[in-house]
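Below are the chains, spelled out letter by letter.
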There are 2 protein chains.
Amino acid sequence: MEVEATNAELLTIGGLEIRLREGLLLADGRPVTLSVREFDLLVALARNAGSIVSRQDLYRLVWGRTLRGGDRSCDVYVHKLRAKLEQALPGVAYIHTHVGFGYRLDPPTFTSLSQR
Amino acid sequence: MEVEATNAELLTIGGLEIRLREGLLLADGRPVTLSVREFDLLVALARNAGSIVSRQDLYRLVWGRTLRGGDRSCDVYVHKLRAKLEQALPGVAYIHTHVGFGYRLDPPTFTSLSQR
DNA sequence: GGCGGCGTTCACGTCCCTTTCACGCCGTCT
DNA sequence: AGACGGCGTGAAAGGGACGTGAACGCCGCC
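Parameters and conventions
- Residues numbered from 1 in each chain as written.
- Chains lettered and ligands numbered in written order.
- Predicted model: local features only at pLDDT ≥ 70, side-chain atom pairs only at ≥ 80, totals over all residues.
- Near = placed C-beta within 6 Å.
- Helix = DSSP H or I, 4+ residues; strand = E, 2+ residues; numbered from the N terminus.
- Nonpolar A, V, L, I, M, F, W, Y, C, P; charged D, E, K, R; others polar.
- Contact = placed C-beta atoms within 7 Å.
- Buried ≥ 20, exposed ≤ 12 C-beta atoms within 10 Å, placed from the backbone.
- Arc of directions from axis to C-beta.
- Pairing = 2+ DSSP bridges.
- Expected span 1.5 Å × (residues − 1).

(A) A look at the protein's contact with DNA strand D. Near DNA strand D, the surroundings consist of 17 residues, among which Asp75, His79 and Thr97 of chain A together with Asp75 and Thr97 of chain B are the closest. At the level of elements, helix H3 (73–88) of chain A together with helix H3 (73–88) of chain B are the ones that each hand at least two residues to the surface near DNA strand D. Among the elements that line the surface near DNA strand D, the one with the most residues is H3 of chain A, at 5 residues. When the residues that make up the surface near DNA strand D are grouped by side-chain class, the tally is 6 nonpolar, 6 polar and 5 charged.

(B) Region of the structure containing the interface of chain A and chain B. At the interface, 8 residues of chain A touch 8 residues of chain B. Looking at the side of chain A that touches chain B residue by residue, the classes come out as 3 nonpolar, 4 polar and 1 charged.

(C) Main features of the protein's contact with DNA strand C. Taken together, 20 residues form the shell around DNA strand C, and within it Ser35 and Val36 of chain A together with Ser35, Val36 and Arg37 of chain B come nearest. Only helix H1 (36–47) and H3 of chain A together with helix H1 (36–47) and H3 of chain B provide two or more residues apiece to the surface near DNA strand C. Residue composition of the surface near DNA strand C, by class: 7 nonpolar, 5 polar and 8 charged.

(D) How the structure looks around helix H2 (residues 55–62) of chain B. Residues and elements named next belong to chain B. Looking at H2, one finds that the buried residues are Leu58, Tyr59 and Val62. Taken down its axis, H2 places every buried residue within 95 degrees of arc, on the same side. Of the residues one or two after H2, Gly64 is the one with positive phi, at around 80 degrees.

(E) Looking closely at the sheet that holds strand S6 (residues 95–98) of chain B. Residues and elements named next belong to chain B. Taken in spatial order, the 3 strands line up as S5-S7-S6 in an open sheet, and their pairing is antiparallel. Whereas interior strands pair on both sides, the edge strands pair on one side only; in this sheet they are strand S5 (52–53) and S6. Bridge analysis of S6 against strand S7 (residues 102–105) gives 4 bridges, and the strand direction is antiparallel. Along S7, the bridge assignment pairs His98 with Gly102.

(F) Region of the structure containing H3 of chain B. Residues and elements named next belong to chain B. Look at H3: 23 Å from first C-alpha to last across 16 residues, which is about the 22 Å you get at 1.5 Å a residue. Residues of H3 that are buried: Cys74, Tyr77, Val78, Leu81, Leu85 and Ala88. What you see down the axis of H3 is that its buried residues fit within an arc of 105 degrees, all on one side. Exposed side of H3, more than 90 degrees from the buried face: Asp75, Val76, His79, Ala83 and Gln87 are the residues found there. Against strand S3 (24–27), strand S4 (30–32), H1, H2, S6 and S7 lie the buried residues of H3.

Okay, here's the thing in C-alpha cells:
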C-alpha cells in the first residue's frame, strides 16, 4: 500500500511537482535546477512522503550502496536541497529532521506556526 | 492475550499512531517530533497499554539495563513525553501515575474530560 | 589550457538530547 | 506536627548529532 505507484512518472507534494522521466522539479510551476544527486534525494524522500526515512535507507536508495560510518553525504545533500527549496519557496519547510531517526518530507502544513 | 502483536509495526492508542519501524508518532494524523528515548518509552508503555508498568520494567525495556536506586530518568522522560503529548493533544491525559507502582498508558476515556 | 559545475570529504560551530542534580509538593506513618 | 519517601518539574553540564561553509579532485565544455 503506497501513496503513489513506484513507477508513476509524476509526484506532487505541496507546491512541488516532480517529473521523474525528465528529472525536472517545478515549484509552484517554476522550474528549479537540481543536480542528479539532489533530484534523486528528493525523489527518495518524496516516494516516502510523510514517513521518516533513515540515513541508511536514504543512502541505499540514492547512492545505491550501504552507508559507511561517518559518511555525512546525506546531511550535506539534504542541506543543499533545503537551500534550493527555500530559495524557490521561501518560508516553507519541506524536509524535517528527526534526530536519531532520519528525515521526513511533508507538504507544507501550517505547523510552522505551532513549531514556534 | 495482547492488544497487538509484539512484532507489529503499528500501534494505535486513542488518537495516537505509533509507527515502530520509522520511529514516528502521529497524533490525530499530525507528526510529533520525539527523541529516541521518548519514543522508546512511549512504545514500552503502549505495548503494555492499560497495564501498570513498574519503573524497573520500564527502565529495563527502554534503557536496556537494571534501574539503579535513585535514578530519576524514568520520571524525567515521562514528564517530557507528557509535555509533548499535551502539546499535540491538549486536555487529553494519556499517561497515568500509580504512586508506588509505576505508570500506565491508556486511551483517553470520556471520564477524563468530565473529571476536569 | 582555463573555467565551471558537481560530488565528496573535512572542519568547525551550533543545537539538541541525555543525564544528573536540586527543590518543592503531597501523601503516609509515627 | 515532624519525618520520610515518592513524584513533578525546572535547570545545568556534558556529549553527541546535525547544520554549514569551504577545500579538493574530477570531468565536461568553452
